[in-house]
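A structural walkthrough
One letter stands for each residue in the lines below.
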Amino acid sequence: MAATAARPVPVVLHDDDECAEHQENRRQDGAGPATETGSSRGTSRQQQRQEQQGPSRKRRRGQRENSKAVCVDLTSLSDSDPDEVQCILDRRAPPRAQRPVLASSSQQGCLLPQQQVNPGKSIAASSASALPALPPASAEPGIKCPVCLDPITQMSTTHCGHVFCMPCIKDCIKAQKRCPKCRKALTMKQVHRVFLE
Amino acid sequence: MTLDAGRINKELKEISKDVASGVEVQLRGSGLNKLVGYVPGPKDTPYEGGRYEVDINLDEQYPFVPPKMRFVTKVWHPNISSANGAICLDVLKDQWSPALTIKTALLSLQALLSSPQPDDPQDAVVAKQYLDDRKLFERTARHWTEAFAIPKNEDEVCMRIMEMGFSKEAAQKALKEANGDENIALEKLLG
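Residues numbered from 1 in each chain as written. Chains lettered and ligands numbered in written order. Predicted model: local features only at pLDDT ≥ 70, side-chain atom pairs only at ≥ 80, totals over all residues. Heavy atoms only, no water.

A separate point is the pairing of strand S2 (residues 34–40) of chain B. The two faces of the sheet receive side chains in turn, since in a regular strand these alternate between them. Residue and element names in this part refer to chain B. Burial analysis of S2 places 5 of its 7 residues in the buried class, which makes it a mostly covered element. Two elements, strand S1 (residues 24–27) and S2, share 4 bridges in a ladder whose sense is antiparallel. If you follow Val25 over to S2, its bridge partner there is Gly37. (Buried < 20%, exposed > 50% of the residue type's maximum accessible area, 1.4 Å probe, protein only. Helix = DSSP H or I, 4+ residues; strand = E, 2+ residues; numbered from the N terminus. Pairing = 2+ DSSP bridges.)

Here is the structure:
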């Protein structure tokens, strides 16, 4: 636990599929004591696990549901394995029993680090392909300013989070002192440039 | 500041592409600042079937000031003047935002037709009738819709008058004298 807790967890994923895989791989590597982490929807792995799971499964599942957010640590790679990724369960994930893919059987689903043996799966192979592609940073020309209706120039944002051309939002504030999108009170101090590159 | 021709042209293009909304906008003359909009009367209201002409004037500061809009077609509605078509609608006044467009403003007018706000009236007489005698209000509004807002096919009107036993010539003459208004023409023929 100490080994994982010490790591920073900068990336939060909403889907825990891949995390589980990495966690498995991590476990396989013998990294640290058991943490209540990870889960998987992969049926083959579930079946495997079902066979492997012992009597303590239920108790551990309860613990797991109270555990942390699913996070994949992409920055603090271990020295021994550059592809190793830390994974912690997402608190926002619905309870396991509610997930349709797992609903058919009460036996499946709980990923227990100690009991997971995933023979022959290479860490490098899974981590490279299984990591979800983060949404690409949107290109500035693709977004249109709601004021001039042109692609945004000098992209700027307000404290309420709406995006405009800098000259457009300047004119809006001059005219109305509020956000054109949500009508929240706004001053130029609450507007700042956004640089996508 | 001069008129933002780029934005207005983009708005016109966008409105012409969107046929589903039902609203239309055309240039009134050669300039971009004088436009005419058309709003279909909303379904399940006394205005259903009507096609309402709206006069639109854009200030040089548009879109930072609201477009000036006025109903040209006569409407019986608490928030629209029955005399001159002036509109009482917040988004055309203090609630305007530069992120709104002519199309959204016309759609707001359509929404206003669906849900009158008698507590903030433009036409006090209409608002009073709306509050006191809803049935009468709806009958009046429907009558105004049929008289002024529903596009008429001249031949159809002429046929209807002829069906009442008048000759084609008499019907046409009466309609011409009544400026195409079926009711006035009938009154003339009957009177």
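Once that is clear, we can look at the pattern of salt bridges. Residues and elements named next belong to chain B. Counting across every chain of the model gives 12 salt bridges over all chains. A salt bridge links Arg28 to Glu53; the shortest N-O distance between them is 3.6 Å. With Arg28 in the loop between S1 and S2 and Glu53 in strand S3 (residues 51–57), this pair connects stretches of sequence that are 25 residues apart. In this structure, Arg28 and Asp55 form a salt bridge, with 2.9 Å as the shortest nitrogen-oxygen distance. Here Arg28, found in the loop between S1 and S2, pairs with Asp55, found in strand S3; they are 27 residues apart in sequence, far enough to count as distant. Owing to a relative accessible area of 39%, Arg28 belongs among the partly exposed residues under this scheme. Among the ionic contacts, a cluster of salt bridges with common partners joins Glu14, Asp18 and Lys103. (Salt bridge = Lys/Arg side-chain N within 4 Å of Asp/Glu carboxyl O.)

Turning to unusual backbone geometry, a few remarks are in order. Residue Pro63 of chain B follows Tyr62 of chain B across a cis peptide bond; omega there is 10 degrees. One non-glycine residue, Leu149 of chain A, lies in positive phi territory at about 65 degrees. Looking at the secondary structure, you find Leu149 of chain A in the loop between helix H5 (123–130) and strand S4 (155–158). For Gln154 of chain A, which is not glycine, the phi dihedral falls at a positive 50 degrees. Relative to the assigned elements, Gln154 of chain A resides in the loop between H5 and S4. Looking at Gln154 of chain A, the relative accessible area reads 42%, which means it is partly exposed.

Before going further, it helps to examine the packing of aromatic side chains. Residue and element names in this part refer to chain B. Overall, the coordinates contain 6 aromatic pairs over all chains when judged by the stated rule. An angle of 35 degrees between the planes, with centres 5.9 Å apart, marks the rings of Tyr62 and Trp96 as tilted. With Tyr62 in the loop between S3 and strand S4 (68–71) and Trp96 in the loop between S4 and helix H2 (102–114), the pair connects residues that are 34 residues apart, well separated along the chain. Judged on exposure class, the residue Tyr62 and its partner Trp96 are both buried. Look at Trp76 and Trp144: their rings are 5.0 Å apart centre to centre, the planes differ by 50 degrees, and that puts the pair in the tilted class. Here the residue Trp76 occupies a position in the loop between S4 and H2, and Trp144 occupies one in helix H4 (residues 134–149), the gap between them amounting to 68 residues. What links up through ring pairs into an aromatic cluster is the set Tyr47, Tyr52 and Phe71. For Arg51, the ring lying beneath its charged end belongs to Tyr38, and the centroid distance is 3.9 Å. Over the ring of Phe148 we find Lys74; its NZ or CZ atom is 6.0 Å from the centre of that ring. (Phe/Tyr/Trp six-rings, centres within 6.5 Å; stacked < 30°, edge-to-face > 60°. Lys NZ or Arg CZ within 6 Å of the ring centre and 35° of its normal.)

These results come straight from atomic positions and should not be treated as a statement about function.
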